[in-house]
Amino acid sequence: MKNSNYNLVFEDFDNSFRTLITLLDNEGTIVNSTNNNLSVKDQYKSCIKELNFVFYTIKDPTKVLLSSKIFRQKPLWTISELISEMAVINPPLMNKYLPELQKKFYDLDFMERQRYLYGSRFLEFDQLQHTFTKLKNNPNSKKALMMIYTPYDTHPDIKDVPCNILSNYIIRDDALHSTIYIRSQDIAAGMLYDTVLHSFFQQCMASWLNVKIGQLNIFCNSLHYYPDTDGPKLND
């Protein structure tokens, strides 16, 4: 394996996005993809350019959406996805406008609902409430985390499983810091939305706890893009 163990610190999301694309271009390795969600006509999209074991920190995670030059390209889609996750709207709002994308990438039931939302996973077993209570009762707690990936997702026949595994929160120096573990992140299709979602949850939690907003830390086991389809767009 040519590339591993990146530990990077960025001031904001825009800086992280551009730098990670450059790293992928220069140091990424071509790997056969195991994405089973691809349609027959998209089988050519079978390889990814990948970096492994990437840990990066965004020092100011509040600079997303309209304060980010990159997010301005897709504000309505991003906001729709955020509202759907926070309010657990299933089918998501985006399904009304681009239902073909939902059918292509997700396992849908007969009512065209997704098998899960990140928001619904956070609410399972009262995880969101319990995480808040732990930090409210003990600001020094090391036990404040929310699981997204569950034992049900380990079944080999399930195609649509969460890319984001867990969110871990810790308060230090009167600031709430967040650490996200991601098994697989498509920098073109996923990083934009993963970042704004976790940034929003972190900002909400910090507001509820009346503390400052700290760093957003992300560990990514596989950071990648699809050269045939995403390469030209990312390098525009």
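Notes on the structure follow. Note that the structure is a prediction, hence the values are computed from the model and not measured.

1. A look at the overall build of the protein chain
A tally of helices and strands in the protein chain yields seven helices and eight strands. The contacts in the protein chain between residues at least 6 apart in sequence include a share of 68% that link residues at least 24 apart.

2. A few points about a positive patch on the surface
Together, Lys134, Lys142, Lys143 and Arg172 make up a region of like positive charge exposed at the surface. Relative to the assigned elements, Lys143 resides in the loop between α5 (127-137) and β4 (145-147).

3. Structural notes on a nonpolar patch on the surface
Taken together, the side chains of Ile79, Ile83 and Leu93 make up a nonpolar region of the molecular surface, amounting to roughly 210 Å² of accessible area. Tracing the backbone shows Leu93 in the loop between α2 (75-87) and α3 (99-105).

4. Quick word on the environment of Arg113
Structurally, Arg113 is set in the loop between α3 and α4 (118-123). Assessed through its relative accessible area of 30%, Arg113 is described here as partly exposed. Separated by 21 residues in the primary sequence, Arg113 and Pro92 place their C-alpha atoms 7.7 Å from one another.

5. Details of the side chain of Thr195
Considering the arrangement of structural elements, one finds Thr195 in helix α6 (residues 191-209). Here the side chain of Thr195 touches Met191 through a polar contact of 2.8 Å, landing on its backbone oxygen. Thr195 has contacts with Phe13, Ile58, Val64 and Leu216, leaving out every residue within four places of it along the chain.

6. Comments concerning the nonpolar core
Core analysis: the biggest nonpolar cluster contains 26 residues, and Leu20, Tyr56 and Ile187 have the highest contact counts within it. For this core, the secondary-structure elements that each account for two or more residues are β1 (6-10), α1 (13-27), β3 (47-58), β6 (175-182), α6 and β8 (212-225). The greatest single-element share of this core, amounting to six residues, is contributed by α1. With residues near it in sequence (within four places) discarded, Tyr56 still touches Leu8, Phe10, Leu20, Gln185, Met191, Leu216, Asn217 and Ile218. Listed in part, the 18 residues of the second largest apolar core include Phe122, Ala144, Tyr169 and Phe201.

7. Here we look at the packing of aromatic side chains
Working definition: an aromatic ring pair is given by the centre-to-centre distance plus the angle between the planes. Throughout the structure, instances matching the rule amount to four aromatic pairs. Aromatic pair Phe122 and Phe201: ring centres 4.6 Å apart, planes at 75 degrees, arrangement edge-to-face. Here Phe201 lies in helix α6 and Phe122 lies in helix α4, a separation of 79 residues in the sequence. Assessed through its relative accessible area of 1%, Phe122 is described here as buried.

8. Topic: α1
Between its first and last C-alpha, α1 extends 21 Å over 15 residues, near the 21 Å set by a 1.5 Å rise per residue. All buried positions along α1 are accounted for by Phe13, Asp14, Ser16, Phe17, Leu20, Ile21, Leu23 and Leu24. Capping the start of α1, Asp12 holds a side-chain oxygen 3.4 Å from the backbone nitrogen of Asp14, two or three residues further along.

The rules we used
- Going along each chain's sequence as written, the residues are numbered from 1 onward.
- This being a predicted model, a pLDDT of at least 70 is required before a residue's local features are given, and a value of 80 or more before pairs of side-chain atoms are given or counted; all residues contribute to the totals for chains, interfaces and linings.
- Hydrogens and waters are ignored; side-chain quantities use all the structure's heavy atoms.
- Strands here are runs of E lasting at least two residues and helices are runs of H or I lasting at least four, both read from the DSSP assignment and numbered beginning at the N terminus.
- Here a residue-residue contact requires only that any non-hydrogen atoms of the pair lie within 4.5 Å.
- A patch is a set of surface residues, each over 30% in relative accessible area and not in a salt bridge, joined within 9 Å for like charges and within 5 Å for the nonpolar side chains Val, Leu, Ile, Met, Phe, Trp and Tyr.
- Values of accessible area rely on a 1.4 Å probe in the Shrake-Rupley scheme; residue burial ignores everything except the protein chains shown.
- What makes a salt bridge here is a side-chain nitrogen of Lys or Arg within 4 Å of a carboxyl oxygen of Asp or Glu, nothing more.
- Under this rule, positive means Lys or Arg and negative means Asp or Glu; His and the chain ends count for nothing.
- In plain terms, the charge of a residue is placed at NZ if it is Lys, CZ if Arg, CG if Asp and CD if Glu.
- Burial status follows relative accessibility: with a 1.4 Å probe on protein chains alone, a residue under 20% of its type maximum counts as buried, one over 50% as exposed, and anything between as partly exposed.
- For the purposes of these results, a polar contact is taken to be a pair of N or O atoms within 3.5 Å, where, inside protein, one atom must be able to donate a hydrogen and its partner to accept one; residues adjacent in sequence count only when each atom of the pair is a side-chain atom.
- To define a nonpolar core, start from buried Ala, Val, Leu, Ile, Met, Phe, Trp, Tyr and Cys residues and group those joined through side-chain atoms within 4.5 Å.
- Pairing of aromatic rings covers Phe, Tyr and the six-membered ring of Trp, with a centre-to-centre limit of 6.5 Å; geometry is then stacked below 30 degrees between planes, edge-to-face above 60, and tilted otherwise.
- One less than the residue count of a helix, multiplied by 1.5 Å, gives the span that helix is expected to have.

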